[in-house]
Amino acid sequence: MSLHEDAVLVLKAYEDQPELRDLYLDHLAAHPDGVYKPCRAGHLTGSALVIDPERGRVLLTLHKKLGMWLQMGGHCESGDETLAQAALREAREESGIASGLALLPGGPVRLDRHPIPEPCNWHLDVQYAALAPAGAVEEISEESLDLRWFGYEEVAAVADTSVVRLMEATLARLRA
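Residues numbered from 1 in each chain as written. Predicted model: local features only at pLDDT ≥ 70, side-chain atom pairs only at ≥ 80, totals over all residues. Heavy atoms only, no water.

Some words on the nonpolar core
If you look at soluble globular proteins, the nonpolar side chains tend to sit buried side by side.
Part 1 of the reasoning: Membership of the largest hydrophobic core comes to 33 residues, with the highest contact counts inside it found for Leu44, Val50, Leu83 and Leu101.
Part 2 of the reasoning: Every element with two or more residues in this core is listed here: helix H1 (3-13), helix H2 (18-30), strand S1 (43-52), helix H3 (83-95), strand S7 (122-131) and strand S8 (144-151).
Part 3 of the reasoning: Ignoring any residue separated from it by four or fewer positions in sequence, one finds Leu83 in contact with Leu3, Asp6, Ala7, Val10, Leu44, Cys76, Val126 and Tyr128.
Part 4 of the reasoning: Counting residues in each nonpolar core, the second largest holds 19 residues, with Trp69, Leu104, Phe150 and Met167 among its members. (Core = buried A, V, L, I, M, F, W, Y, C linked by side-chain atoms within 4.5 Å. Buried < 20%, exposed > 50% of the residue type's maximum accessible area, 1.4 Å probe, protein only. Helix = DSSP H or I, 4+ residues; strand = E, 2+ residues; numbered from the N terminus. Contact = heavy atoms within 4.5 Å.)

What about the pairing of strand S6 (residues 110-115)?
Part 1 of the reasoning: Bridge count between S6 and S7: 6 bridges; the pairing is antiparallel. Considered in S7, the bridge of Arg110 is made with Gln127. (Pairing = 2+ DSSP bridges.)

Looking at the pattern of salt bridges
Part 1 of the reasoning: Taken as a whole, this structure holds 7 salt bridges when the rule is applied.
Part 2 of the reasoning: Note that Arg21 and Asp22 form a salt bridge whose closest N and O atoms lie 3.2 Å from each other.
Part 3 of the reasoning: Overall, Asp22 belongs to the partly exposed group, its relative accessible area being 34%.
Part 4 of the reasoning: A salt bridge links Asp52 to Arg57; the shortest N-O distance between them is 3.0 Å.
Part 5 of the reasoning: Residue Arg57 is classed as buried on the basis of its relative accessible area, which comes to 15%.
Part 6 of the reasoning: One salt-bridge network, in which partners are shared between bridges, spans Glu77, Asp80, Arg89, Glu90 and Glu93. (Salt bridge = Lys/Arg side-chain N within 4 Å of Asp/Glu carboxyl O.)

Some points on the packing of H1 against H2
Part 1 of the reasoning: Between H1 and H2, whose axes approach to 10 Å, the crossing angle comes to 160°. Classified by the angle their axes make, H1 and H2 are roughly antiparallel. Of the two possible hands of crossing, H1 and H2 adopt the one that is left-handed. Residues His4, Ala7, Val8, Leu11 and Lys12 of H1 form the contact with H2, whose participating residues are Arg21, Tyr24, Leu25 and Leu28.
Part 2 of the reasoning: The residue inventory of the contact of H1 with H2, partitioned by class, reads 6 nonpolar, 1 polar and 2 charged. (Axes fitted to C-alpha atoms, helices over the stretch in contact; angles between N-to-C directions. Parallel < 35°, antiparallel > 145°, perpendicular 65-115°, else oblique. Left-handed = near helix turned anticlockwise from the far one by under 90°. Nonpolar A, V, L, I, M, F, W, Y, C, P; charged D, E, K, R; others polar.)

Structural notes on helix H5 (residues 161-175)
Part 1 of the reasoning: Here H5 is 15 residues long and its end C-alpha atoms lie 21 Å apart, about the 21 Å a rise of 1.5 Å per residue gives.
Part 2 of the reasoning: Of the residues making up H5, those classed as buried are Ser162, Val163, Val164, Leu166, Met167, Thr170 and Leu171.
Part 3 of the reasoning: On its buried face, H5 sits against S1, strand S2 (57-63), strand S3 (69-70), S6, S7 and helix H4 (155-158).
Part 4 of the reasoning: With a side-chain oxygen lying 3.2 Å from the backbone nitrogen of Ser162, the N-terminal cap of H5 falls on Asp160. (Expected span 1.5 Å × (residues − 1). Polar contact = N/O pair within 3.5 Å; in protein donor to acceptor, adjacent residues only side chain to side chain.)

Looking at the packing of aromatic side chains
Part 1 of the reasoning: Going through the model one piece at a time under the given rule, you end up with 1 aromatic pair.
Part 2 of the reasoning: Aromatic side chains Trp69 and Phe150 sit 4.9 Å apart centroid to centroid with 75° between the ring planes, which places their arrangement in the edge-to-face category. Here the residue Trp69 occupies a position in strand S3, and Phe150 occupies one in strand S8, the gap between them amounting to 81 residues.
Part 3 of the reasoning: Take Trp69: its relative accessible area is 11%, and that puts it in the buried class.
Part 4 of the reasoning: For Arg57, the ring lying beneath its charged end belongs to Trp149, and the centroid distance is 3.9 Å. (Phe/Tyr/Trp six-rings, centres within 6.5 Å; stacked < 30°, edge-to-face > 60°. Lys NZ or Arg CZ within 6 Å of the ring centre and 35° of its normal.)

Rendered as structure tokens:
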């Protein structure tokens, strides 16, 4: 199965945010390359909020290009077989937590569509949550200016509404 086919299946199974989900599916139907960066109409990305529920905190990266505190994430690559795999790979690379990260069961937590500079137009982000293993030690990557754990109550003061919504949805899934 191709990454494109996996993305279609994942999105068809995603029951929240129906208008945005349908926009993603329409994009994939119109663009066979819609999961990769070269697609100028926009492309899917995979991200994961690294969370440590035992200590009530999330790990955010200060994005080098954007100067914003964000969850780990980025572009799908040719070696990614699934969206979940892309999100987990990005979480490992950007957090420096080489082993023990595990995606929260249940598939994507949220979707977030945001504009990006030319030559592309949109990131269609498929957002997961990754549980940090006990004793996880983070290590800053070359893609970040900083990497830091924030208590749940601190996130709204440092991150944009997309990250706050992702954290809230992740916490709701953890409680379910």
